[in-house]
Amino acid sequence: MASSDERPYSISIPDSELDFLKKKLELTRFPDELEGAAWNYGAPLSDIKRLVGHWQDGYDWRKSEAALNTLPMFTRDIEVEGFGTLNIHYVHQKSDVAGAIPLLFAHGWPGSFLEVRKLLPLLSAGGPDHPSFHVVAPSLPGFGFSEAPSKPGFKGPQYAEVLNKLMLALGYEEYVYQGGDWGYALGKYVVTNYGHRHVKAWHTNMPLPGAPSLFKNPLLYLGMFFLSYDETSMKRLANMKRHRTKGTGYFNEQATKPQTIGYSLADSPVGLLSWIYEKLVSWTDEYPWTDDEVIEWISVYWLSRAGPAASTRIYHELTGGMTHDTDQGTVWTSVPLGVSYFPKEIFQLPKSWSHTLGNLVFESDHDKGGHFAAFEQPEAIAGDLRKMFGKGGPAHGVVPGKGGY
């Protein structure tokens, strides 16, 4: 049953915060750059100078703020065992279709609730040919306009507790789940802890399976030694190796010493911009970022409730400071799973391994798109969810009485 402490939310950043940001940008001291460095050493100086100039003289936060405030946003207190109460910000887009499917959308880093924006009109739309969804997209604790935990140990089970309790508080006793990046990792905790009883099916655009094992996946395991991988699998493994070799410095820093990098991110808007902008470009599939889109994305971090350093701690908490995998304590479940593959996703492993993640009932390949699939290719993500949960789909009717029509 829905509780009564939901409060409508509008973003309203004080003028003093924007004045402070303006002063910070004016005082920027840029680093030098090697001749012809381009992207080989990180975000190019010319790009950052252009974006800083736009942030100062072209970008209008109040315009972005007004547009974001047209979204159905709310906050609600969620009690987390051992951590007290956290005030959680979320978007809750209800469909006009009575039988719409409740869907929880979880973002990652350096994402935010902005990633669901383009999906909302697609998923909530009704029609005889496709299912409709009630979409709930929270800012994870420590991200966006949600409160952050104030003591160590806020790990996967605690994030999952927040997500599940939010859905229950909204009256969605049974629901489906979609996530990429940390949204994928947290999905494993949600399904492990609340699968079948509350979570009826889940979908991810960033499957990150472990290698098959002899006892759990004997056919897949033996296949690694006695069967040749096809060209696609070999390419995916090569892409994964390249990313782990050249693209995970941020991960190691945030997973081991998030407080250290946090000083730079919290004190320097240009440091924050360059830290995230590099990912926006290199993790997408030639997405045509506008300067307004980039600065809005960064502004949500700079102006976030807990500050831009808070979000990095999820890396430390979910890896134990790089002492274990991000999914420690999660298990394979028979909850139906759907997977979408995008060619420029940074984490790529053989598709056959996805069976090790859960009860794989749906797969879809796309020829365009990267890590931020919901933002880059919203029609593709929405289309896959419609196929998976629509009439004739492998997960149609998993939420009793909420078939989507």
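Residues numbered from 1 in each chain as written. Predicted model: local features only at pLDDT ≥ 70, side-chain atom pairs only at ≥ 80, totals over all residues. Heavy atoms only, no water.

Per the UniProt entry, the sites bearing "active site" (unreviewed entry) are Asp181, Tyr315 and His371 in this numbering. Relative to the assigned elements, Asp181 resides in the loop between β6 (175-179) and α6 (182-194). Engagement of the side chain of Asp181 in a polar contact is seen with the backbone nitrogen of Trp109, the distance being 2.9 Å. Counting through the fold element by element, His371 comes out in the loop between β9 (359-365) and α14 (373-376). Assessed through its relative accessible area of 3%, His371 is described here as buried. Leaving out residues up to four positions away in the same chain, His371 has contacts with Asp181, Asn205, Met206, Trp283, Lys344, Glu345, Ile346 and Glu376. Polar side-chain contacts of His371 include one of 2.6 Å to the side chain of Asp181. (UniProt positions renumbered as here; feature names shortened; annotations may be inferred. Helix = DSSP H or I, 4+ residues; strand = E, 2+ residues; numbered from the N terminus. Polar contact = N/O pair within 3.5 Å; in protein donor to acceptor, adjacent residues only side chain to side chain. Buried < 20%, exposed > 50% of the residue type's maximum accessible area, 1.4 Å probe, protein only. Contact = heavy atoms within 4.5 Å.)

Turning our eyes to something else, we now look at the packing of helix α2 (residues 45-57) against helix α12 (residues 291-302). Between α2 and α12, the least distance of the axes is 10 Å, while the angle of their chain directions is 75°. One way to sum up the angle between α2 and α12 is to call them roughly perpendicular. Facing α2, whose interface residues are Arg50, Leu51, His54 and Trp55, α12 presents Asp291, Asp292, Val294, Ile295, Ile298 and Ser299. Among the residues making up the contact of α2 with α12, the classes are represented as five nonpolar, two polar and three charged. (Axes fitted to C-alpha atoms, helices over the stretch in contact; angles between N-to-C directions. Parallel < 35°, antiparallel > 145°, perpendicular 65-115°, else oblique. Nonpolar A, V, L, I, M, F, W, Y, C, P; charged D, E, K, R; others polar.)

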